[in-house]
Amino acid sequence: MSEPQITLYRLQACPFCERVVRTLNELDLEYRSRYVEPMHSERNVVKRVSGARSVPAIVDRETGVTMSESANIVEYLEGTYGEGGA
């Protein structure tokens, strides 16, 4: 089995992260969760991939898209992988 194309950077018990998880699950997309440091200033792995330390953030290797902000991510996932997407 190959590595999922989508990586989600998230925090435990983060409602914004859970919104993205719900969307990924509703669209039946495989993804890998990477839990990050709770302390904002220590989220260097997220900053390296997305340019910011905010979560949630996703990296979609299928399309080359990297983004953060839950509303933007949900809109992207639904538009790309939902019924109206590819």
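Residue positions are counted from 1 within each chain, in the order its sequence is given. In keeping with the predicted nature of the model, local features appear solely for residues at pLDDT of at least 70, side-chain atom pairs appear and are counted solely at 80 or more, and the whole-chain, interface and lining totals rest on all residues. Side-chain measures were taken over the full set of non-hydrogen atoms in the model, leaving aside hydrogen atoms and water.

## A word on the overall build of the protein chain
Secondary structure elements follow DSSP: runs of H or I of four or more residues count as helices, runs of E of two or more count as strands, with numbering from the N terminus. Within the protein chain one finds 3 helices and 4 strands. Secondary structure elements of the protein chain, listed N to C terminal, follow the sequence β-α-β-α-β-β-α. Relative to the 2.2 N^0.38 estimate, which gives 12 Å for 86 residues, the radius of gyration of the protein chain is 12 Å and therefore close to what a compact globule would have. Exposed residues in this analysis have more than 50% of their type's maximum accessible area, buried residues have under 20%, and partly exposed residues fall in between, with area computed by a 1.4 Å probe over protein chains only. Burial statistics for the protein chain: of 86 residues in total, 37% are counted as buried. Long-range contacts, defined as pairs at least 24 residues apart, comprise 51% of the intrachain contacts of the protein chain with a sequence gap of at least 6. Charged residues are defined narrowly, with Lys and Arg counted positive, Asp and Glu counted negative, and His plus the chain ends left uncounted. In plain terms, the charge of a residue is placed at NZ if it is Lys, CZ if Arg, CG if Asp and CD if Glu. Charged side chains in the protein chain number 10 positive and 13 negative. The centres of these two groups are separated by 10 Å. We compute the radius of gyration from the C-alpha atoms alone; for a globule the expected value is 2.2 Å times N to the 0.38, where N is the number of residues. Here, residues are in contact when the closest pair of their heavy atoms is within 4.5 Å.

## Points about the packing of aromatic side chains
Any two of the Phe, Tyr and Trp rings considered here, Trp counted by its six-membered ring, make a pair once their centres fall within 6.5 Å; the pair's planes then place it as stacked at under 30 degrees, edge-to-face at over 60, or tilted in between. According to the stated counting rule, one finds 1 aromatic pair in the structure shown. Here Tyr76 and Tyr81 contribute two aromatic rings whose centre-to-centre distance is 6.5 Å and whose plane-to-plane angle is 90°, an arrangement assigned as edge-to-face. Classification of Tyr76 as buried rests on a relative accessible area of 12%.

## What to know about the environment of Ile58
Residue placement: Ile58 occurs in strand 3 (residues 57-60). Separated by 24 residues in sequence, Ile58 and Arg34 have C-alpha atoms that sit 9.8 Å apart. Those residues in contact with Ile58 that lie beyond four places of it in its chain are Ile6, Thr7, Leu8, Val20, Val65, Thr66, Met67, Ile73, Tyr76 and Leu77.

## A few points about the side chain of Asp60
Within the secondary structure, Asp60 is located in strand 3. By definition here, a salt bridge exists when the distance from a side-chain nitrogen of Lys or Arg to a carboxyl oxygen of Asp or Glu is within 4 Å. Among buried Asp, Glu, Lys and Arg side chains, Asp60 stands out as unpaired, with Arg61 the closest opposite charge at 7.3 Å. Contacts of Asp60, omitting those with residues within four sequence positions, involve Gln5, Ile6, Val65, Tyr76 and Tyr81.

## Some details on the sheet that holds strand 1 (residues 6-10)
Two strands make a pair as long as DSSP finds a minimum of two bridges between them. Strand order in the open sheet made by the 4 strands is 2-1-3-4, with mixed pairing throughout. The open sheet is flanked by strand 2 (31-35) and strand 4 (65-68), the only strands paired with a single partner. Across the sheet, the mean angle separating the axes of adjacent strands is 15° when strand polarity is ignored. Bridge count between strand 1 and strand 2: 5 bridges; the pairing is parallel. Within strand 2, the position partnered with Arg10 by the bridge is Tyr35. Inter-axis angles, ranging from 0 to 180 degrees, are taken between N-to-C directions of lines fitted to C-alpha atoms, where helices are fitted over the stretch in contact. Across the sheet, helix 1 (residues 15-26) is in contact with strand 1, strand 2 and strand 3; its angle to strand 1 comes to roughly 155°.

## Describing helix 1
An α-helix turns once every 3.6 residues. As a result, residues three or four positions apart point the same way. Here a helix's expected span is defined as the number of its residues, less one, multiplied by 1.5 Å. Between its first and last C-alpha atoms helix 1 spans 16 Å; for 12 residues at 1.5 Å apiece the expected length is 16 Å, and the two agree. Turning to helix 1, its buried residues are Cys17, Val20, Val21, Thr23 and Leu24. One side of helix 1 carries all its buried residues, which in axial view fall inside an arc of 160°. Facing away from the buried side of helix 1, by more than 90 degrees, are the exposed residues Pro15 and Glu26. Of the residues trailing helix 1, Asp28 is marked for its positive phi of about 55°. The directions considered for the arc are those from the helix axis to the C-beta atoms.

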